[in-house]
Amino acid sequence: MTLSSIIWTVVKILIVVGFIVNLSAILTWMERRQSAMMQDRVGPNRAEITVFGYKIRLFGLLYPIADAVKMFTKEDFIPPNADKVLHSLAPMLSLFPPLVVLGVVPFTDTLCLDNLHEVVQKNGVVASNWHFFSSWIEQPSCSLPGAKNFIDGCCVIGCQTAGVVHQPWAEHFGTCPANVAPGMIGAIHMQVIDFNPGVLYVFALAGMGIVGASIAGWSSDNKFSLMGGLRAASQLVSYEVAMGLSIVGAIMVYGTIRLDEMTRWQGDHVWGVFVQPLAFILFLTAAIAETKRAPFDLPEGESEIVAGYLVEYSGMKFGMFYMGEFIEIATSSALLVAIFLGGYNMPFLHRDGITIAVGDAVVWKQHIPHILVILMQAGAFFGKIFVLCWFQMFVRWTLPRFRYDQLMKLGWRMLLPAALANIFLTGVILIAFDRTGTEFQERMGVVGDFVNLATAIAITFVQLWIVIGFFGSTQPAIRRNAFNKRARSAGEIVEKALAS
Amino acid sequence: MSAYAPMFLLFAVGLLLVLAFFVGTSLLGPKNKGAEHQLPFECGSESTGGRHIRLSVKFYLTAILFVVFDIEAVFLYPWGVKFRSLGWSGLVSMLGFLSVLVVGLVYCWKKGALEWEK
């Protein structure tokens, strides 16, 4: 490894780890505020710090900091009969995997540094002329009309046999225009770990979380803990099966297990959720179950087994489980985004800028500098993660807890057969599609463009909705007034009843 | 090997963070020693017996089913990657494998292995 690649790796690690650790802190705040909103109350907003005489509250955003201070200074309790090594190891085992899982997820397209500068000789000294905001990367042009269609990525390398699926486009598309000159830095793949296992790495690490929860339950010397640990192990392995099988369909369509290639495929065609809708729903359900949160919070089940495997934990050791849980929300959202929701891609945002095109007809084209495209992609990726986190919070505060037999029934008798059926259906449809002629595949490409158009419109509306909801809404005040009115009238009814 | 170097670097950063939390909470918190304080928590009632209680056999059954079906998933990944170049023959041969497992699943289902409560 060269020095620059080590520096870039460190920068990427800081981005990924910094992002999820901070996001998990924000998510604890979000959960409190969102649950408050859904239950028609204000929620915690009184944590404050005094800076130069000014009291700062920031809508309760200081609570995560207060939590951290409190957890670190709380007694670190280990039960006397507990297995001390395992009891200490368990929180580490459940925080570590979600921290590193995002290593294989690409958060933007390949950053082409060579494209941003040119090497010039000034008085015999080699120097770089940087031009960040004027350089873009040209899309490779299609020699085959309509070849940039639903399934084959042939167009990118200009091969003439549509319908025959090769993989080499994946090698070419993420690379930068060749520019061999002295002093060139190269192409930066915007994922920490650039290797082939991809999804296997994710599942290997996600499986480690089960070990953390179950040895926490076993080592605590408490019956509630033991039951919670058992429930956790049993639930997690059940949904791991459904999760693992649900993405096989997606792997068949993409033809790869590398997350960056999956994302690129979705950029070339349509988002995965449109070609694998069933797999998306299965994966989403299994992912929510894997985070052990309501409606799947049976391992904790506070009305039945107090707090399950967390009973004998306090201080930051409890905090590590808690943090791991919130980071898991973020990582499962990131995986869903990368596999099914286009990753960093936005409809019509290509490497050279925005090109709105349906079939062969280009409606609108706008070049955007490479660095801005990269920033927009990062914004899209992290924004999508945020929306999915919001969705998981929404589910958590909407649905009540399952019974354990319902949980097992959902996992083994509904998700698992559905995942197997999805594999079979995907196989038949894919083979039938590959057998169809070029004409049909071109037509499907146009359909894909229309789907992208619909996605773009939907995204615009969601953004408008968020902005209006955030800045322009008077709803909480109206709801509070209505609530007060109801409370008053209820009080009057009670008073009348008492008076009579 | 150089493809794996960033992974170890990431693991090192993750491990460092986790250890920092662990050491921080071990050092910063107060320590209380008292007989009452050390008892296992059981909602105020006295704890009887150890933690080694008999567990329902269903948990073992779930674990075994997990091993069967998760290995199946691992087997399906390389097949999925190469699926479109294999064509019909790939689908048919994998269907043979899958049908054996589906028969197994149906058998478990009929035997009541997937029923949590009877």
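Residues numbered from 1 in each chain as written. Chains lettered and ligands numbered in written order. Predicted model: local features only at pLDDT ≥ 70, side-chain atom pairs only at ≥ 80, totals over all residues. Heavy atoms only, no water.

Thoughts on the overall build of chain B
Our working rule: What counts as a helix is a DSSP run of H or I of at least four residues, what counts as a strand is a run of E of at least two, and both are numbered from the N terminus. When accessible area is computed with a 1.4 Å probe and restricted to protein chains, residues below 20% of their type maximum are described as buried, those above 50% as exposed, and intermediate ones as partly exposed. Surface accessibility follows the Shrake-Rupley procedure with a 1.4 Å probe radius. Residue values consider only the protein chains on display as shielding.
What chain B contains, in helices and strands, is 3 helices and 0 strands. Written out in order from the N terminus, the α and β elements of chain B read α-α-α. For chain B, buried positions account for 32% of its 118 residues. For chain B, the accessible area works out to roughly 7,700 Å², and carbon and sulfur atoms hold 71% of it.

Describing the overall build of chain A
Selection criterion: What makes two residues a contact is simply this: any of their non-hydrogen atoms within 4.5 Å.
A count of helical and extended segments in chain A gives 16 helices and 9 strands. By residue count, 53% of the 500 residues in chain A fall in the buried class. Restricting to contacts in chain A with at least 6 residues of sequence separation, those with at least 24 account for 77%. Of the roughly 21,800 Å² that chain A leaves accessible, carbon and sulfur atoms contribute 68%.

Notes on the pairing of strand β8 (residues 353-358) of chain A
In summary, the side chains of a regular strand alternate between the two faces of the sheet. All names here are of chain A. The condition is simple: In this analysis, strands are considered paired if DSSP registers two or more bridges between them.
Here strand β7 (residues 349-350) runs beside β8; their pairing, made up of 2 bridges, is antiparallel. Counterpart to H350 in the pairing with β8 is G353. Taking the residues between adjacent antiparallel strands as the criterion, β7 and β8 are bridged by 2 residues.

Description of the sheet that holds β7 of chain A
With antiparallel pairing, the 3 strands of this open sheet are ordered in space as β7-β8-β9 (chain A). With one partner strand each, in any of the chains shown, β7 and β9 (361-367) of chain A form the two edges of the open sheet.

What about the interface of chain B and chain A?
Quick note on the threshold: Accessible area, probed at 1.4 Å, shrinks when two parts are joined; the buried area is that loss added up over both. By convention in these notes, a salt bridge is any Lys or Arg side-chain nitrogen within 4 Å of a carboxyl oxygen on Asp or Glu. The term polar contact refers here to a pair of N or O atoms within 3.5 Å; inside protein, the definition further demands a hydrogen-donor-capable atom paired with an acceptor-capable atom, and it admits residues adjacent in sequence only when both atoms are side-chain atoms.
Each partner contributes residues to the interface: chain B has 65 residues there, and chain A has 85 residues. Summed over both partners, the interface of chain B with chain A comes to about 6,700 Å²; 76% of that surface belongs to carbon and sulfur atoms. At the surface where chain B touches chain A, the tally comes to 0 salt bridges. If you look at where chain B meets chain A, you find 2 residue pairs in polar contact (both at pLDDT 80 or more). When contributions to the side of chain B that touches chain A are tallied by element, the ones reaching two or more residues are α1 (5-28), α2 (57-81) and α3 (83-111) of chain B.

Some thoughts on a nonpolar patch on the surface
Residues and elements named next belong to chain A. To keep things clear, this is the line we draw: Patch membership is restricted to residues that have no salt bridge and whose relative accessible area is over 30%. Joining uses 9 Å for like charges and 5 Å for the nonpolar side chains Val, Leu, Ile, Met, Phe, Trp and Tyr.
Residues I26, I49, V51, F52, Y54, I56, L58, F59, L61 and F386 make up a contiguous nonpolar surface patch of roughly 1,000 Å² in combined accessible area. Secondary-structure elements contributing two or more residues to the nonpolar patch are β1 (49-51) and β2 (54-56). Along the chain, F59 falls in the loop between β2 and α2 (63-72). Classification of F59 as exposed rests on a relative accessible area of 59%.

A short note on helix α12 (residues 315-339) of chain A
What counts here: Under the convention used throughout, the expected extent of a helix is 1.5 Å for every residue step, that is, one less than its residue count.
In this model α12 of chain A runs 36 Å from its N-terminal to its C-terminal C-alpha over 25 residues, within 8% of the 36 Å that 1.5 Å per residue would give. The element α12 of chain A is largely enclosed, with a buried count of 23 among its 25 residues.

Quick look at the pattern of salt bridges
Residue and element names in this part refer to chain A. Scanning the model with the defined rule gives 11 salt bridges over all chains in all. Note that R258 is salt-bridged to E261, the shortest N-O span being 3.8 Å. You'll find R258 and E261 in the same group, each marked buried. R264 serves as the salt-bridge partner of D260, at 3.7 Å between the closest nitrogen and oxygen.

Quick notes on the packing of helix α7 (residues 223-254) of chain A against helix α10 (residues 277-290) of chain A
Residues and elements named next belong to chain A. In plain terms, the rule: Angles run from 0 to 180 degrees between N-to-C directions of axes, and those axes are lines fitted to C-alpha atoms, restricted for helices to the stretch in contact. Each angle is binned into one of four classes, with values under 35 degrees roughly parallel, values over 145 roughly antiparallel, values of 65 to 115 roughly perpendicular, and all other values oblique. Here a crossing is called left-handed whenever its near helix is offset anticlockwise from the far helix by less than a right angle, and right-handed whenever the offset is clockwise. Gly is placed with the polar residues, together with every amino acid not listed as nonpolar (Ala, Val, Leu, Ile, Met, Phe, Trp, Tyr, Cys and Pro) or charged (Asp, Glu, Lys and Arg).
Viewed as axis vectors pointing N to C, α7 and α10 meet at an angle of 155°, and their least axial separation amounts to 9 Å. On the basis of their axis angle, the class for α7 and α10 is roughly antiparallel. Considering how the two elements wind past one another, α7 and α10 form a crossing that is left-handed. Residues Q235, L236, Y239, E240, M243, S246 and I247 of α7 touch α10, and the partners they reach there are A279, L282, F283, A286, A287, A289 and E290. Looking at side-chain class alone, the contact of α7 with α10 contains 10 nonpolar, 2 polar and 2 charged residues.

Examining α7 of chain A
Residue and element names in this part refer to chain A. Relative to the 46 Å expected for 32 residues at 1.5 Å per residue, α7 spans 46 Å between its end C-alpha atoms, a close match to the ideal helical length. Counted residue by residue, α7 has 30 buried out of 32 residues, so it is predominantly covered. The N-capping residue of α7, defined by a side-chain oxygen 2.9 Å from the backbone nitrogen of F224, is N222.

As for the nonpolar core
Rule in force here: Take the buried residues of types Ala, Val, Leu, Ile, Met, Phe, Trp, Tyr and Cys, join any two whose side-chain atoms come within 4.5 Å, and each joined set is a nonpolar core.
One finds Y201, L245, L259, F283 and F340 of chain A together with W79 of chain B to be the most contacted residues of the largest nonpolar core, which totals 125 residues. Ranked by residue count, the leading element in this core is α7 of chain A, at 15 residues. Not counting chain neighbours up to four residues away, the residues in contact with Y201 of chain A comprise V100, V101, V104, I193 and F195 of chain A together with M7, L10 and F11 of chain B. If you look at the next biggest cluster of nonpolar residues, it comprises 10 residues, including A90, L93, A213 and Y309 of chain A.

Examining the domain arrangement of chain A
Quick note on the threshold: Annotation comment: domain bounds sourced from an automatic or database domain assignment.
For chain A, the assigned domains read domain 1 (3-109 + 193-459) and domain 2 (468-500). Here the C-alpha centroids of domain 1 of chain A and domain 2 of chain A sit 38 Å apart.

A short note on the packing of aromatic side chains
To be explicit about the condition: Stacked, tilted and edge-to-face pairs are distinguished by plane angle, under 30 degrees for stacked and over 60 for edge-to-face with tilted covering the rest, among Phe, Tyr and Trp rings (Trp via its six-membered ring) whose centres lie within 6.5 Å.
Taken as a whole, this structure holds 23 aromatic pairs over all chains when the rule is applied. With a centroid separation of 5.1 Å and an interplanar angle of 50°, the aromatic rings of Y254 of chain A and W265 of chain A are classed as tilted. On the criterion of sequence distance, the pair formed by Y254 of chain A in helix α7 and W265 of chain A in helix α8 (residues 259-268) is long-range, its members being 11 residues apart. Considered together, Y254 of chain A and W265 of chain A belong to a single accessibility category, that of buried residues. Plain terms: the ring middles of W412 of chain A and F69 of chain B are 6.0 Å apart, the flat faces sit at 65° to each other, and that makes the pair edge-to-face.

Some words on the confidence of the model for chain A
All names here are of chain A. Note the cut-off: pLDDT expresses how confident the predictor is about each individual residue, on a scale running from 0 to 100.
Chain-level statistics for chain A give a pLDDT mean of 78 and a share of 82% at 70 or above. Looking across chain A, the model is least confident in helix α5 (residues 168-173), with a mean pLDDT of 39, and most confident in α10, with 91. Note that pLDDT drops below 50 for residues 140-173; the model gives that stretch 71 contacts with residues more than four away or on any other chain. Here residues 178-183 scores under 50 on pLDDT; set against residues more than four positions off or in separate chains, the count is 5 contacts.

Digging into the side chain of Q34 of chain A
Residue and element names in this part refer to chain A. Along the chain, Q34 falls in helix α1 (residues 3-38). Given a relative accessible area of 8%, Q34 falls into the buried group. In contact with Q34, not counting residues within four places along its chain, are W390, M393 and F394.

Looking at the environment of D194 of chain A
Within the fold, D194 of chain A resides in the loop between β6 (187-188) and α6 (199-219). Along the backbone, D194 of chain A and A490 of chain A are 296 residues apart, and their C-alpha atoms lie at a distance of 63 Å. In this structure D194 of chain A touches H189, R258 and D260 of chain A together with A3 of chain B, once residues within four positions along its chain are discounted. Polar contacts involving the side chain of D194 of chain A include one to the side chain of R258 of chain A, which spans 2.4 Å.

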